[in-house]
Amino acid sequence: MILGVVLATTLDNDAPGFYSRGRSSFHGENFMDEKIFKTYTELKDLLILRGMIVEHPRFFTNCMAKDTYYNIINGYKKYFIASLNPEKYHSGTTFEQVYALYSFDQTIRTLFLTELLKIEKNLKSLIAYHFSESYGHNHHKYLDIENFKNNSSKNRNYAVNTISSIERDLKKYSKHGNTSICHYLKRHKYVPLWVLFGVLSFGRIAHFYSCMKLEDQQKVSAHFDMSAKTLDGFFYFLDSCRNTCAHGNRIYTSNIDKKFQHFIPDTKIHCDLQIPKNKSGNYLHGKTDILAMLISFKIFLCKSDFSQLKKKFKKAHKNIEKVIPEHVLANIDKEMGISNALLALF
């Protein structure tokens, strides 16, 4: 058996370190591509064959050693491709340009994750405070269906499912010896909400907030000068962005192609930025892209934190302006929903 051979579907035309060769079958199923191991030199030659310029072969090899061909090339070649069948790059495209976009994405992903974690902690703290203020700190009391929206079968079922999920989380963390959870259960026989929230995912907190009674939601949303419904809309977008960053996925592209999209609500900032709308009256940008993230940061971060984030983002953008051709960068900026003129308005 030849080591390094994997079978994949035609969706992965350039798996890391592999190239396709003919048709193969596995357990009676036909696969269009057989992925054969390819050395860094062979991968470099493949890109050159497709029209990409590799100015510094050693730099290329070092980059491939740090991350995969799939993550760097397939993840960021979109705006450098002239044709797909056969795959060819625009004249003058260099590996350094593609890698610059890859590096930019990594930089802003790290930058955004740091700020998203601040927002996550802030929202968790506010919800725990106001909910405990109303219903107490004992989880046997605050995990009571009567303390959540239950005025309809839909709301009641949603609350029941959320409470059940949290109870399962409690059992899981106590079983696996989470220090804070075990300490409170052993010493006090209950777990305060602010302790529990320290181990629950942001997504679980989003569901918790959605289940809260309107008057309790409003106590939280008032901190951001917005309605309870608006904050509920932001929650799922922020959770999606947080997970995208934490899992190391591409962030510069909008999540418009995802099965489950999350858009931020319309805000006064959209109006102030004079973002154009489509024929249906919906904003063309700033709903599910980098601009939407920047708008969210402006709303949820303190002024000094947002100022620093904006400064670092602009610096990262200036760096790719030096490497990526203007016409290519214009398309990338459009994907992100930004422009230098728009950034200046923040």
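Residues numbered from 1 in each chain as written. Predicted model: local features only at pLDDT ≥ 70, side-chain atom pairs only at ≥ 80, totals over all residues. Heavy atoms only, no water.

A.B. asks: Describe the overall build of the chain, and please don't skip the residues or the numbers.
C.D. replies: Helix and strand counts for the chain stand at 16 helices and seven strands. By residue count, 47% of the 346 residues in the chain fall in the buried class. A total accessible area of about 18800 Å² is found for the chain, and carbon and sulfur atoms account for 53% of it. (Helix = DSSP H or I, 4+ residues; strand = E, 2+ residues; numbered from the N terminus. Buried < 20%, exposed > 50% of the residue type's maximum accessible area, 1.4 Å probe, protein only. Areas by Shrake-Rupley, 256 points an atom, 1.4 Å probe, with all protein chains shown as cover.)

A.B. asks: Could you give an account of the packing of helix α6 (residues 153-175) against helix α9 (residues 202-211), with specific residues and numbers?
C.D. replies: Remark: α6 packs on α9, axes separated minimally by 9 Å, with the N-to-C direction vectors making an angle of 140 degrees. In the crossing of α6 with α9, the sense of the turn from one axis to the other is left-handed. Contact residues: Tyr158, Ala159, Thr162, Ser165, Ile166 and Asp169 in α6; Arg204, His207, Phe208, Ser210 and Cys211 in α9. Its residues placed into classes, the contact of α6 with α9 shows five nonpolar, four polar and two charged. (Axes fitted to C-alpha atoms, helices over the stretch in contact; angles between N-to-C directions. Left-handed = near helix turned anticlockwise from the far one by under 90°. Contact = heavy atoms within 4.5 Å. Nonpolar A, V, L, I, M, F, W, Y, C, P; charged D, E, K, R; others polar.)

A.B. asks: Give a detailed account of the nonpolar core, specifying residues and quantitative values.
C.D. replies: The biggest cluster of nonpolar side chains holds 98 residues, and the ones touching the most others in it are Phe95, Phe112, Leu196, Phe235, Ile290 and Phe313. In terms of residue count, the dominant contributor to this core is helix α4 (residues 95-135) (18 residues). Those residues in contact with Phe313, other than ones at most four positions away along the chain, are Phe104, Ile108, Leu111, Phe112, Ile290, Leu294, Ile338 and Leu343. (Core = buried A, V, L, I, M, F, W, Y, C linked by side-chain atoms within 4.5 Å.)

A.B. asks: Please provide a residue-by-residue account of the pairing of strand β6 (residues 81-84), values included.
C.D. replies: One ladder, built from three bridges, connects β6 with strand β7 (residues 87-89); its direction is antiparallel. Bridging across to β7, Leu84 finds its partner in Glu87. (Pairing = 2+ DSSP bridges.)

A.B. asks: Which residues make up the environment of Tyr129, and what are the values?
C.D. replies: With respect to the helices and strands, Tyr129 occurs in helix α4. Look at Tyr129 and you get exposed, because its relative accessible area is 51%. Distance from Tyr129 to Trp194, taken between C-alpha atoms, is 7.3 Å for residues 65 residues apart in sequence.

A.B. asks: Give a detailed account of the pattern of salt bridges, specifying residues and quantitative values.
C.D. replies: Side chains bearing opposite charge may pair, as long as their charged atoms lie close to each other. Here the structure, examined in full by the defined rule, presents 13 salt bridges. The shortest N-O distance in the salt bridge between Lys124 and Glu120 comes to 3.0 Å. With Lys124 and Glu120 both in helix α4 and four residues apart, the pair spans about one turn of that helix. Overall, Lys124 belongs to the buried group, its relative accessible area being 11%. Assessed through its relative accessible area of 6%, Glu120 is described here as buried. Residues Glu321 and Lys318 are paired through a salt bridge, measuring 3.9 Å at the closest nitrogen-oxygen approach. Here Lys318 and Glu321 lie together in helix α14 (residues 303-321), a separation of three residues that amounts to about one turn. When salt bridges that share partners are traced, they join Arg50, Lys77 and Glu87 into one network. (Salt bridge = Lys/Arg side-chain N within 4 Å of Asp/Glu carboxyl O.)

A.B. asks: Now, about the confidence of the model for the chain: what can you tell me, with residues and values included?
C.D. replies: Mean pLDDT over the chain stands at 87; residues scoring 70 or higher make up 88%. Across the chain, element-level confidence peaks in helix α10 (residues 214-221) with a mean pLDDT of 97 and bottoms out in strand β1 (residues 6-8) with 34. Confidence drops under pLDDT 50 across residues 1-13; counting only partners more than four residues distant or on other chains, this segment forms 27 contacts. Below a pLDDT of 50 lies the segment residues 24-29, which in the model reaches eleven contacts outside its immediate sequence neighbourhood of four places, other chains included. (pLDDT = per-residue confidence, 0-100.)

A.B. asks: Could you give an account of the packing of aromatic side chains, naming the residues involved and the relevant values?
C.D. replies: Using the criterion set out here, one finds 19 aromatic pairs in the structure. Seen from their ring centres, Phe131 and Phe148 are 5.1 Å apart, and the 35 degrees between their planes marks the pair as tilted. On the criterion of sequence distance, the pair formed by Phe131 in helix α4 and Phe148 in the loop between α5 (139-142) and α6 is long-range, its members being 17 residues apart. A relative accessible area of 0% places Phe131 in the buried class. Its relative accessible area of 2% is what places Phe148 among the buried residues. Ring geometry for Phe197 and Phe208: centres 5.3 Å apart, planes at 85 degrees, overall edge-to-face. Within this pair, whereas Phe197 is found in the loop between α8 (193-196) and α9, its partner Phe208 is found in helix α9, the two being separated by eleven residues in sequence. (Phe/Tyr/Trp six-rings, centres within 6.5 Å; stacked < 30°, edge-to-face > 60°.)

A.B. asks: Could you give an account of the state of the cysteines, with specific residues and numbers?
C.D. replies: Here the structure, examined in full by the defined rule, presents zero disulfides. Among the cysteines around Cys241, which has no disulfide bond, Cys245 carries the closest sulfur, lying 6.6 Å off. (Disulfide = S-S within 2.5 Å.)

A.B. asks: So, unusual backbone geometry: which residues are in play, and what are the values?
C.D. replies: Omega for the bond connecting Asn85 with Pro86 falls within 30 degrees of zero, at 0 degrees, which places this linkage in the cis form. If you trace the backbone, Pro86 turns up in the loop between β6 and β7. A positive phi is found at Lys189, a non-glycine position, where the angle reads about 70 degrees. Positionally, Lys189 belongs in the loop between α7 (179-187) and α8. Taking the relative accessible area as the measure of exposure, Lys189 reaches 58% and is therefore exposed.

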